[in-house]
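# Summary of structural features
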Amino acid sequence: MQEETEPASSRPNDERYDPQRVETKWFTRWQADAQLYAADRDSTKKKYYVLEMLPYPSGALHMGHVRNYAIGDALARYMWMNDYNVLHPMGWDSFGLPAENAAIQNNTPPRQWTLSNIAKMKAQMKRLGFAYDWSREVTTCLPDYYRWNQWFFLKFYEKGLAYRKKSRVNWCPKCATVLANEQVLANGCCWRHEDTLVEQRELEQWFLRITKYSDELLCDLDKLDGWPEKVRTMQRNWIGRSEGTLIDFKLDYAENHGGFGPAGSTITVFTTRVDTIFGATSVQLAPQHPLIADLAASNPDLATKVDELIVEQRKAKEVGDIGEIEKHGVFTGRYAINPFNKEKVPIWVANYILMDYGTGAIMSVPAHDERDYEFAKKYKLEIRLVILPLADDPEETMAEPQLPYVGHDGMLINSGPYGGLACADAIKKMSAFAEQNGFGKATVTYRLKDWGISRQRYWGTPIPMLYCEKDGIVPVPEKDLPVILPEAVDIAHATGSPLGSVPEFVNATCPKCGGPARRETDTMDTFVDSSWYFYRYTDPHNDRAPFDSRIAQYWFPIDQYIGGVEHAILHLIYSRFWTKFMRDLGLITNGEPVERLFTQGMVIKDGAKMSKSLGNVVSPDEMVARYGADAARLYSLFAAPPDRDLDWQDSGIEGIRKFLGRIYRVVTEQNEASVVPSELPVDNRRGPAARTLQRKLHQTIKRISDDFNGRWHFNTSISALMELNNLLSGMSQDIAAGNIPPEDLTETKRVMVLLLAPFAPYLAHELWEMLGEKENLLKASWPKYDAALAKEEELEIPVQINGKLRSRVTVPAESTQEFVLDRALADEKVQAFIAGKQIVKKIYVPGKLVNIVVK
RNA sequence: GCCGGGAUGGCGGAACUGGCAGACGCAGCGGACUCAAAAUCCGCCGACCUUCGGGUCUUGGGGGUUCGACUCCCCCUCCCGGCACCA
C-alpha cells in the first residue's frame, strides 16, 4: 500500500547536481557580460558601497580571503536584490617587499612577478563567482595609481604636513642596507644573516604629521558606532592620550661646572602626577637622552654604562617583554633643582625610561610609583611619602599606606603650601603655578607618533622630491608627475636604496634653478597605497585628479567595510587620517571613510592558523575542483559565525556539498500531484500540510532577512534554509496526495532559490533558470515575509512544576492565560505531580511556557 | 599587569529581550536499495539509572538573585587577541 519513492540512483546522471557542469556554464556566461556587476554612475536608487579589504597579490588566494569575500559578496548580492545601487569593487595592494624577495630568488622582475600573481588571483576570484565590478579594478603598483600617492605627498608637503627628520632604523652591516622591523629576528639578528646583530642607525626619513589629527582621530572614534568596540579600543590605546604636566628642572650650576653645557640648561620631565613632586628624589633620563651624549663625551666610564643600558633596553623590546626588564641605572654625578621646593636631586640614567615617550625624562617619586619604588629600593634612593590615602575606616580619615601608594584618592602632605589638598585639585593648582612662573605647563602627550613613510626599497612609490645643491629640498612640480619607478634595477646587490644605483633616475634637473639635482631614492611605505584606494574605486580612470569630488561624495562613506582584525590599527588609522586630510584639502566633506566595519575571524585548522610550515593549508583551488565554488563559499559561511574563528574541517565541506545536491533535487523534482486537486480556491484548499509548508517558508524568509539586517550570523541563515529544504523533501507523499497546492510548491521553490542566491550564486542561478525564470536573478526582488503567514496556529506549551519540565499541552495560538493554565492543570502528568500538594504560584509566559510552583 | 573576546555532546556550532539546552551540520550506529561497494534515502544519536512509564544529572569551577539562569550579579580557572616600565 505504501508507494515507494523512486530511488535517486535510478535517476539519469544529468539530472543530478554536478557542480563543475553548473559552475562552468555560468562562469562562461558571467565572463561574457562585463556590465553584470557594474555600479551605475547615475542612479535614482539608494547607493550602497560594500568593500572587502584588497589583497596583497602573493600569488594565490587562501581560505581567509575566500571567507572575507564570501561575506562581502553575500551582502552585495543581498543589497542588489533589495534594489540598491551597489558598488562592489576589488583591487590589488601590489607594492611591497615580497616582490623584491621573489625577484632576488627567482630572478624575475618585481613588476612581472606581481602582475602575473594578480592574473592568477583574479582568475581564482572569478572562478569563485565573486561579483566585482572589474571595470574599477585598482592596481596600486601601476603609475596611474601611484602618481596620486605622489600628488598627495606634494599636498602634504605644501601644507607643512610632510617633513624630513633624523630617525633610527634597523641596519644590517652584512646586507649594508636597512631592514624593516619584520626582517629583524626575535634575537635581534638579520633574517638573512642569522649570526649578525642588527644595528640602529640614524637616517633622514620623511614623515607625515598624523599627530596633527591625534585628538580628532581619538574623539571621532566615539562616533563610529558601526565599528566593533574592540577595534575602537585598540585605536584608543594606540593613540594613547595622556594628560599631564611638563616641568623644567634647572641644572645645578654649582655642581655641574662645565658639564651639560651646550645641550641645554634644563631637563624637562613629563608627569601625570605633578601632585607628587614634593616626593621626587631623583630625575631619571632615558639612555638616549641628548644631554647624556654631552656628559659621556668627557666620561668614558659613563659612556660605556649608558651603552649597556641601551643594549638592555633594545633587547627587551625585541623580545617583547620590556615590562619584565630588570631595572638598571647609573648616576651621572650631576644634580638638578626641583622648581617647587628648590631641592637638589641627583640625575640618573635608567634603562626603564623610554626616549620616544613624553620627554625621555621623568621625575622619580618612589613613594607613589611602582617602577620608581623598585628602582629606589635597588639603588637606595630616598623614598618620601607625600600622599596620604583616604582610610577605609571612617574613624580615621587618613591611613598610613603600604608603599608604593599609587592611588589618586588622597591628600597631600609634606608638600609645602599644597599640603592638605586633594590630588586632583593639587594637579590643577600646581600646573597653573608652574605655568605662571615659567617652568612648566599642563600638557597632553600621545603615544601616537608621526608616520615615517620612507622605505629604502625598490618596489614602492618613489617619493617625489629633489635635492638641489643650491635650492635644497625641492618638490617635483605637479606637472612632472608621475615620477616613474624605473625597471631593470639590480636590487639583489644594492647597498641602501636600490634606486640610488640607477643614475638615470637619480640625476635630475632642479625645477627652480635648472641646475643639477638628485632625486630622493627612498620609496613610500605601502600603507600609503591602502590609505585612500577606496576613493579611487569611485572614479578609477581619472587622469586629472585622484578622483572627482562629486562622484566620491555620492558613494562615501563606505557603507560596509569587511576585513581581518589584524588591520585594526595601522591600515584603519592611516585611512582615517588620510580622509581627514583630504577633507581639509576640500576634496571631500566626510570626516570618516567607513560607516560600518566588520572584522571576520581567522580560518584555522587543527587548532592552529593555516600555514605552510604547519602543513595545514587548505587550497581554495582544490576545494573548488572537488566540491565547487558554491560549496567552498557556503561552507566558509556555515561553519561558524563570521566574526569568530572558523575551524576548517574537510568533512564539513563534504556535508555542504551534499546539502547542495539535496536542494538541487528538491527544487528540480517534477513532483506532480497524482491526485488532481479540487477546483476550490487555493486558500480553502490549504490543509495542515500546506499550512505547515507556508508557515515554514515565511519563517525562513524572516530568519534570513533578519540575519542580513542584524547580526550576520549566516551560519544560522543556512541552517534555516536546510530546515526548509528538509521539510519540503519530506513532503513527497503530501505532494503526491495533492495536499500541497501546485502554486504553493512553485512559490516555495522560487523563494528557496532566492534565499540561496547570496550564498551559492552558481547553483541559485542554475535553479532559477530551471524554474523557468527569464530575468537575471540579481535583479529579482528579495522575498518579503508575511508575519501573519509565519505565525503558528497551535502552540505546544511546556509545563514545568517547580521549574522542572513535566509535560506539554497543545493549545490554539490565541489562547488566554486562563485557558492555558486550565489545560495545564488538567493534564494527567501534571495532576500526578501536584497531587496532595499546595499550589503556591502559577506562571504563564505567553506563548512560551507554564510553571506551577507547589509546596 | 591592563583592556577586549571566549569556554555548551565525540566535533563545528544553535538557543535573538531570563522561559523546552543541544537547532542545523559533521562523525558514529542501525536499516532500505545493491550480487557487492560507492552514491542516495529512512531511523537513532549528551551522560547515568530504568520496572521502558519514566527518573536523575548536565552549558569551564564555586557562590548568589529568581517561580525559572547558557543568558543577570560576585569570586575563581583556563584559552585566544591587543596593549604594556607610556611616567
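Bridging between strand 19 (residues 465-468) and strand 22 (residues 516-519) involves three bridges; their strand directions are antiparallel. Counterpart to C468 in the pairing with strand 22 is A517. As consecutive antiparallel partners, strand 21 (residues 507-509) and strand 22 are separated by six residues, and within that stretch G514 has a phi angle of approximately 80 degrees, a positive value.

Attention shifts here to the nonpolar core. Core analysis: the largest hydrophobic core is formed by 94 residues, its most contacted members being M125, W648, L660, F708, F759 and L777. Those residues in contact with M125 that sit more than four places away from it in its chain are P55, L61, Y69, M90, W92, F130, Y132 and W134. Grouped together as the second largest cluster of nonpolar side chains are 85 residues, W151, L481, V506 and L597 included.

Two strands pair when backbone bridges link them, and strand 5 (residues 162-172) and strand 7 (residues 199-208) are joined in this way by ten bridges, in the antiparallel orientation. Bridge pairing in strand 7 links K166 to E204. The pairing of strand 7 with strand 17 (residues 451-452) spans two bridges and is antiparallel. Across the sheet, the residue bridging to F207 is G452, located in strand 17.

What follows deals with unusual backbone geometry. Cis geometry marks the peptide bond from L481 to P482, where omega comes out at 0 degrees. When you line up the elements, P482 lands in the loop between strand 20 (472-475) and helix 13 (503-506). With omega at 0 degrees, the peptide bond leading from F556 into P557 counts as cis. Position of P557 among the secondary structure elements: in the loop between helix 15 (549-555) and strand 24 (560-564). At D83, a residue that is not glycine, the phi angle is positive and equals roughly 70 degrees. Non-glycine residue K380 carries a positive phi angle of around 55 degrees. Structurally, K380 can be placed in the loop between helix 11 (370-379) and strand 14 (387-389). We classify K380 as exposed; its relative accessible area is 73%.

This part covers helix 2 (residues 63-81). In a regular helix each residue adds 1.5 Å, so 19 residues correspond to 27 Å; helix 2 covers 27 Å between its end C-alpha atoms and thus fits that length. Where burial is concerned, most of helix 2 is hidden: 19 out of the 19 residues are buried.

In this section: the sheet that holds strand 1 (residues 47-52). Spatial strand order, 2-1-24-25: four strands in an open sheet with parallel pairing. At either margin of the open sheet sits one strand with a lone partner, and together these are strand 2 (85-87) and strand 25 (597-600). Averaged over all pairs of adjacent strands, the angle between strand axes in this sheet comes to 20 degrees, irrespective of strand direction. Two elements, strand 1 and strand 24, share three bridges in a ladder whose sense is parallel. Paired with V50 across the two strands is Q560, which belongs to strand 24. Across the face of the sheet, helix 2 comes into contact with strand 1, strand 2, strand 24 and strand 25 while running at roughly 170 degrees to strand 1.

Let's shift gears to the packing of aromatic side chains. Taken as a whole and assessed by the stated rule, the structure comprises 62 aromatic pairs. Arranged with centres 4.7 Å apart and planes meeting at 25 degrees, the rings of W30 and Y762 form a pair that is stacked. Of this pair, W30 sits in helix 1 (residues 19-32) while Y762 is found in helix 25 (residues 761-770), placing the two residues 732 residues apart along the sequence. Here the two residues W30 and Y762 agree in accessibility, since each one is buried. Ring geometry for Y535 versus F547: centroids 5.4 Å apart, planes at 20 degrees, classification stacked. Of this pair, Y535 sits in helix 14 (residues 533-536) while F547 sits in the loop between helix 14 and helix 15, and the two are twelve residues apart along the sequence. Comparing Y535 with F547, the two get one shared label, buried.

Okay, the side chain of D525 next. Structurally, D525 is set in the loop between strand 23 (523-524) and helix 14. Given a relative accessible area of 7%, D525 falls into the buried group. Separated by 3.0 Å, the side chains of D525 and W451 make a polar contact.

The geometry of helix 19 (residues 650-668) relative to helix 25 is characterised by a closest axis approach of 10 Å and an angle of 10 degrees between their N-to-C directions. Taken together, helix 19 and helix 25 sit at an angle that is classed as roughly parallel. Where helix 19 approaches helix 25, its residues L660, I663, Y664, V667 and T668 are matched on the opposing element by L763, L767 and M770. Residue classes in the contact of helix 19 with helix 25 are distributed as seven nonpolar, one polar and no charged.

Cut-offs used in this document
Residues numbered from 1 in each chain as written. Chains lettered and ligands numbered in written order. Predicted model: local features only at pLDDT ≥ 70, side-chain atom pairs only at ≥ 80, totals over all residues. Heavy atoms only, no water. Pairing = 2+ DSSP bridges. Helix = DSSP H or I, 4+ residues; strand = E, 2+ residues; numbered from the N terminus. Core = buried A, V, L, I, M, F, W, Y, C linked by side-chain atoms within 4.5 Å. Buried < 20%, exposed > 50% of the residue type's maximum accessible area, 1.4 Å probe, protein only. Contact = heavy atoms within 4.5 Å. Expected span 1.5 Å × (residues − 1). Axes fitted to C-alpha atoms, helices over the stretch in contact; angles between N-to-C directions. Phe/Tyr/Trp six-rings, centres within 6.5 Å; stacked < 30°, edge-to-face > 60°. Polar contact = N/O pair within 3.5 Å; in protein donor to acceptor, adjacent residues only side chain to side chain. Parallel < 35°, antiparallel > 145°, perpendicular 65-115°, else oblique. Nonpolar A, V, L, I, M, F, W, Y, C, P; charged D, E, K, R; others polar.

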